[in-house]
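Structural description and commentary
Here is what each chain is made of, one letter per residue.
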Amino acid sequence: MTSSPPETAPRTAASDVPRLRVRDLTVRFAGLTALDGVSFTVEPGSVHAVIGPNGAGKSTTFNVLSGVHRATSGSVRLGDAELTGLPPHRIAALGVARTFQNLALSAHTTVFDSLMLGRHRLTRTGFLSAGLHLPGAAREAARHRERVREIAAFTGLEDHLDRPAGSLPYGLQKLVELGRALCTEPRLLLLDEPVAGMTAPERRRTAEVVAAVREGLGISIVLVEHDMAVVMRLADAVTVLDFGRRIADGPPEVVQRDPAVVRAYLGQEATA
Ligand SMILES: Nc1ncnc2c1ncn2[C@@H]1O[C@H](COP(=O)(O)OP(=O)(O)O)[C@@H](O)[C@H]1O
Ligand SMILES: [Mg+2]
């Protein structure tokens, strides 16, 4: 893995990036309240971390934002669009992309094709007509391939495009997931524990890529992460959850010193 800074691959105009407003979000699963009246706002172009001990409701928050879970009550607005109640593909069509806590790649698919999958929502003529050699389709397909190569360079995957995703080290596979999400040209990127399970160099590299995404693409990022060093380095704002409730919200250096946050994390350290 190289340590040179990623090349920029800008596309999304910062003015296109809407504010994300989460208001009084509650999610109940058969008697268990996973989220209890949680509110936070993600400013356009910022990295907003959602942190908290295991079981705090971080993944549930993501699953509501991406349409996998339905909120019991509350609202999630991206600009003027209400996301709660929309199915995942409608939310994706509004420019929301996510990665998963566990790898969600097809092991035998090449890195190139894995990234191309991210272009799917953007194809006007569609891959089928490209296969049928319809007019315009070849040019459009060439544009998508070029963009995939740009994003591969941006994420440091350019030397691995022909390899099956499953043959790469774990850290690179996670970058393929991130690259695929970027290939959808999102306005809002949801990253669920992007450095979990990585080696120290992989963590550094991934943090660099996320920082470059923020600087270069100007999109908003919601980051769920356990690694506090990564959160402190990358986040503009932090929302802290504990047992489904918001216990703190603000700039990282303030939240880090908040007594309720220290207590929640000390409790976890004791059992970790
Ligand atoms: N599909 C589900 N059905 C029932 N309970 C769930 C489901 N998903 C999550 N939970 C519960 O909701 C709580 C929050 O989980 P989660 O959002 O995964 O926490 P985190 O990601 O912060 O570790 C936990 O108590 C978890 O067991
Ligand atoms: Mg989780």
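The rules behind the values
- Residues numbered from 1 in each chain as written.
- Chains lettered and ligands numbered in written order.
- Predicted model: local features only at pLDDT ≥ 70, side-chain atom pairs only at ≥ 80, totals over all residues.
- Heavy atoms only, no water.
- Helix = DSSP H or I, 4+ residues; strand = E, 2+ residues; numbered from the N terminus.
- Buried < 20%, exposed > 50% of the residue type's maximum accessible area, 1.4 Å probe, protein only.
- Contact = heavy atoms within 4.5 Å.
- Areas by Shrake-Rupley, 256 points an atom, 1.4 Å probe, with all protein chains shown as cover.
- Core = buried A, V, L, I, M, F, W, Y, C linked by side-chain atoms within 4.5 Å.
- Domains from an automatic or database assignment.
- Pairing = 2+ DSSP bridges.
- Axes fitted to C-alpha atoms, helices over the stretch in contact; angles between N-to-C directions.

As recorded in an unreviewed UniProt entry, the chain goes by ATP-binding cassette domain-containing protein and comes from Streptomyces taklimakanensis.

The helix and strand tally for the chain stands at 10 helices and 10 strands. Burial statistics for the chain: of 272 residues in total, 51% are counted as buried. Across the chain, every contact between residues at least 6 apart in sequence was considered, and the portion connecting residues at least 24 apart equals 71%. Counting only carbon and sulfur atoms, one obtains 53% of the accessible surface of the chain, whose full area is about 12600 Å².

Of all hydrophobic cores here, the largest spans 48 residues; its most connected members are Leu182, Leu189, Val213 and Ile221. Taken domain by domain, this core gets at least three of its residues from each of domain 1 (18–95 + 186–272) and domain 2 (103–183). When neighbours within four sequence positions are excluded, valine 213 is seen to be in contact with Phe154, Leu182, Leu189, Gly218, Ile219 and Ile221. If you look at the next biggest cluster of nonpolar residues, it comprises 25 residues, including Leu25, Val42, Val64 and Val224.

Taken together, 4 strands build an open sheet; the order of strands is 2-1-4-5 and the sheet is antiparallel. With partners counted over all chains shown, the strands left at the sheet margins are strand 2 (32–42) and strand 5 (81–82), one partner each. In this sheet, strand 2 lies alongside strand 1 (residues 20–29) in antiparallel orientation, the contact comprising 7 bridges. Paired with arginine 21 across the bridge in strand 2 is threonine 41.

Moving on, we get to the sheet that holds strand 6 (residues 96–98). Read from one edge of the open sheet, 6 strands run 6-7-8-3-9-10, paired in mixed fashion. Each of the sheet's edge strands pairs with one partner strand only, and the pair in question is strand 6 and strand 10 (245–250). Taken over all neighbouring pairs, the strand axes of this sheet differ in orientation by 15° on average, direction set aside. The sheet strands contacting helix 1 (residues 58–65) are strand 3 (47–51), strand 6, strand 7 (188–192), strand 8 (220–224) and strand 9 (237–242), and the helix crosses strand 7 at an angle near 150°. Sheet strands in contact with helix 6 (residues 170–183) are strand 6 and strand 7, and its direction is about 160° off that of strand 7.

Take the pairing of strand 3 next. Counted residue by residue, strand 3 has 5 buried out of 5 residues, so it is predominantly covered. Every second residue of strand 3 is oriented toward a common face, with Val47, Ala49 and Ile51 on one face and His48 and Val50 on the other, all of them buried. Note: strand 3 against strand 8, 4 bridges, orientation parallel. What sits directly across from valine 50, in strand 8, is valine 224. When strand 3 meets strand 9, the two strands line up parallel, connected through 4 bridges.

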